[in-house]
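A look at the structure
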Amino acid sequence: WDDAYRMHVVHGGSVTVQPDEAAPANRQQQRSASTRAWLLAVARPLFAERGFHGASAEEIVAAAGLTRGALYHHFGGKEGLFAAVCDQVQAEVAG
């Protein structure tokens, strides 16, 4: 049984199954955070090896096993992903 759904027993013994409003958002947030972290992890060595211009968006999403849509959804494009990688590196160096 998928706990993302709630089962409701209505008077008379009939059963209705409805999506649990809280569970999918939680799972979606977890998937979103995982996808974002995975894109960062895959892109970072590609940018380090090839630089910004040498690592294409297509190469990054292919290496991550994701779509360009995921890249644009989380970072707005390759530029946003590169900025996030730079922020990550800066935070590690500073702290």
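Residues numbered from 1 in each chain as written. Predicted model: local features only at pLDDT ≥ 70, side-chain atom pairs only at ≥ 80, totals over all residues. Heavy atoms only, no water.

This part is about the nonpolar core. Core analysis: the largest hydrophobic core is formed by 16 residues, its most contacted members being Phe47, Ile60, Phe75 and Leu81. Every element with two or more residues in this core is listed here: α1 (22–54), α2 (57–64), α3 (68–75) and α4 (78–94). In terms of residues, this core owes the most to one element, α1, which gives 6 residues. (Core = buried A, V, L, I, M, F, W, Y, C linked by side-chain atoms within 4.5 Å. Buried < 20%, exposed > 50% of the residue type's maximum accessible area, 1.4 Å probe, protein only. Helix = DSSP H or I, 4+ residues; strand = E, 2+ residues; numbered from the N terminus.)

Bringing the pattern of salt bridges into the picture now. Following the criterion strictly, the structure yields 3 salt bridges and no others. When the shortest N-O distance is used, the salt bridge between Glu58 and Arg68 registers 2.0 Å. Within this pair, whereas Glu58 is found in helix α2, its partner Arg68 is found in helix α3, the two being separated by 10 residues in sequence. Take Arg68: its relative accessible area is 32%, and that puts it in the partly exposed class. (Salt bridge = Lys/Arg side-chain N within 4 Å of Asp/Glu carboxyl O.)

This paragraph deals with the packing of aromatic side chains. One pass over the structure, following the stated rule, counts 3 aromatic pairs. For the ring pair Phe47 and Phe52, a centre distance of 6.2 Å and an interplane angle of 20 degrees mean the geometry is stacked. Centroid distance Phe52 to Phe82: 5.2 Å. Interplanar angle 65 degrees. Geometry classified as edge-to-face. Highlighted residues: Phe52 in helix α1 and Phe82 in helix α4, separated in sequence by 30 residues. Clustering of aromatic rings is evident, with ring pairs tying together Phe47, Phe52 and Phe82. Over the face of the ring belonging to Phe52 we find Lys78, whose NZ or CZ atom lies 4.2 Å from the ring centre. (Phe/Tyr/Trp six-rings, centres within 6.5 Å; stacked < 30°, edge-to-face > 60°. Lys NZ or Arg CZ within 6 Å of the ring centre and 35° of its normal.)

With respect to the helices and strands, Leu40 occurs in helix α1. Spatially, the C-alpha atoms of Leu40 and Leu81 are 7.1 Å apart, while their sequence positions differ by 41 residues. Not counting the four nearest positions on each side in its chain, Leu40 is found in contact with Phe75, Leu81, Ala84, Val85 and Gln88. (Contact = heavy atoms within 4.5 Å.)

Mean pLDDT over the protein chain works out to 83, with 74% of the residues at or above the 70 mark. For the stretch residues 1–11, pLDDT sits under 50, and the model shows 28 contacts to residues farther than four places along the chain or on other chains. (pLDDT = per-residue confidence, 0-100.)

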